[in-house]
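Given next are the chains, with one letter for each unit.
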Amino acid sequence: MAGHSKFKNIMHRKGAQDKKRSSLFSKLSREITVAAKMGLPDPDMNPRLRAAVAAAKAASLPKDNIQRSIDKASRGDAEMYEEIRYEGFGPGGVSLIIEALTDNRNRTATNVRTAVAKNGGNLGASGSVSHAFDRMGLISYPASAGGADAVFEAALDAGAEDVQSSEEGHEIWTAQGDLHGVAKALEAVLGEAEGAKLAWRPQTMVAVDENDAATLFKLIDTLDDDDDVQTVWGNYEVSDEVMEKLA
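Asks: Got a minute to help me understand the packing of helix α2 (residues 21–38) against helix α4 (residues 63–75) in this structure?
Replies: Pairs of packed helices are described in terms of their axes, by the angle between the two and the distance that separates them. Where α2 contacts α4, the axes come no closer than 8 Å and their chain directions differ by 40°. One finds that α2 runs oblique with respect to α4. Read as a crossing pair, α2 and α4 show a hand that is right-handed. Where α2 approaches α4, its residues Ser29, Ile32, Thr33, Ala36 and Lys37 are matched on the opposing element by Ile66, Ser69, Ile70, Lys72 and Ala73. The class makeup of the residues in the contact of α2 with α4 is 5 nonpolar, 3 polar and 2 charged.

Here it is as structure tokens:
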């Protein structure tokens, strides 16, 4: 889903998927392999793998690449990836949660720390910002899935907790433990989602001015260029006026 939704990471800002397709494909393939290794290699029997495959399809990852990533886990020759979460602050006092999948903890920690420090931020201890976010399920649909009212009703019937719709698409929020149940119920009504994953939803937002927004986006771009970094969540809110100036 394109756009600059205040809840989404940089991968979903307008144009970013095209500009960074190779990096995005690498991240998606890594998530598929990890998901397949942690559970059954069958998307129908493995909710995390099912969500990873759906996200890969939405980003146009070739079918052969998807199957190759699953087979890699099934053969047992996949790298040993570790899930790591970093917390810290960016320009303008923005809180950031950085999620990574890595086969080298020291390399990733150094790269993340350097990227943050060079772009007006600093890393904090575990729990330093996550207390200001809610751990929830996030299901994404394109605008073509239906109108705001229809999607809201479908989400309500499926057991979702909140829906946010715009001309760019629909974000459906669920309780953490309800993610896959709600996603399955919605699929019967709206079709396959663009993505279904656990997310960090900020409890309060921080408005960012033009100068801080430029540095913040540079920071997130730098993090996104790192294949180990899967997702960057933040509590930043950038107005349309600021976005237009930065375009």
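Asks: What's the story with unusual backbone geometry in this structure? I'm lost.
Replies: When glycine is set aside, most residues are seen to have a negative phi, and most peptide bonds are trans. Backbone geometry places Ser60, a non-glycine residue, at a positive phi of 65°. Mapped onto the elements, Ser60 comes out in the loop between α3 (47–58) and α4.

Asks: Whenever I open this one, the pattern of salt bridges confuses me. Can you help?
Replies: Opposite charge on two side chains permits them to pair, given that their charged atoms come into close proximity. A complete count under the given rule lists 11 salt bridges for this structure. Residue Arg85 is joined to Glu87 by a salt bridge in which the shortest nitrogen-to-oxygen separation is 3.1 Å. Among the residues examined, Glu87 registers a relative accessible area of 3% and is labelled buried.

Asks: Before we go on, may I ask you to explain the packing of aromatic side chains in this structure?
Replies: Aromatic rings considered in pairs are described by the distance between their centres and by the relative angle of their planes. Evaluation of the coordinates by the stated rule reveals 1 aromatic pair. A ring pair is formed by Phe217 and Tyr236, whose centres lie 6.3 Å apart and whose planes are at 80°; its orientation type is edge-to-face. One end of the pair, Phe217, is in helix α8 (residues 210–224); the other, Tyr236, is in strand β10 (residues 236–237), and 19 residues separate them in sequence. Taking the relative accessible area as the measure of exposure, Phe217 reaches 8% and is therefore buried. Taking NZ or CZ as reference, Arg201 lies 4.9 Å from the ring centre of Trp173, over its face.

Asks: How should the packing of α2 against α3 be read in this particular structure?
Replies: Here α2 crosses α3 at 160°, and the two axes come no closer than 8 Å. Between α2 and α3, the angle is such that the two are roughly antiparallel. By crossing handedness, the relation of α2 to α3 is classed as left-handed. Contacts from Leu28, Glu31, Ile32, Val34, Ala35, Ala36 and Met38 of α2 reach α3 at Arg48, Leu49, Ala52, Val53, Ala55 and Ala56.

Basis of the calculations
- Think of each chain on its own: its residues are numbered from 1, step by step along the sequence as written.
- Where totals are concerned, whole chains, interfaces and linings use all residues; where local detail is concerned, this predicted model gives features only for residues with pLDDT of at least 70, and gives and counts side-chain atom pairs only at 80 or more.
- Hydrogens and water molecules were not included; the side-chain quantities draw on all heavy atoms of the structure.
- Comment: axis = line fitted to C-alpha atoms, over the contacting stretch for helices; angle = value between 0 and 180 degrees taken between N-to-C directions.
- For the purposes of this entry, the term helix denotes a DSSP run of H or I that reaches at least four residues, the term strand denotes a run of E that reaches at least two, and both are numbered from the N terminus.
- Working rule for angles: under 35 degrees goes down as roughly parallel, over 145 as roughly antiparallel, 65 to 115 as roughly perpendicular, anything else as oblique.
- Note: crossing handedness is left-handed where the near helix turns anticlockwise from the far helix by less than a right angle, and right-handed where it turns clockwise.
- Note on contacts: a residue pair qualifies if any of its non-hydrogen atoms lie within 4.5 Å across the two residues.
- Any residue that is not Ala, Val, Leu, Ile, Met, Phe, Trp, Tyr, Cys, Pro, Asp, Glu, Lys or Arg is counted as polar, Gly included; the first ten are nonpolar and the last four charged.
- Any Lys or Arg side-chain nitrogen found within 4 Å of a carboxyl oxygen on Asp or Glu counts as a salt bridge.
- For every residue, the accessible area obtained with a 1.4 Å probe (protein chains only) is divided by the maximum for its type, and the residue is called buried under 20%, exposed over 50%, and partly exposed between those limits.
- In this scheme Phe, Tyr and Trp rings, the latter by its six-membered ring, pair at centre separations within 6.5 Å, and the angle between planes marks the pair as stacked below 30 degrees, edge-to-face above 60, and tilted otherwise.
- Should the NZ of a Lys or the CZ of an Arg lie within 6 Å of a ring centre and within 35 degrees of the ring normal, that charge is described as sitting over the ring.

Read these as geometric descriptors, not functional statements.
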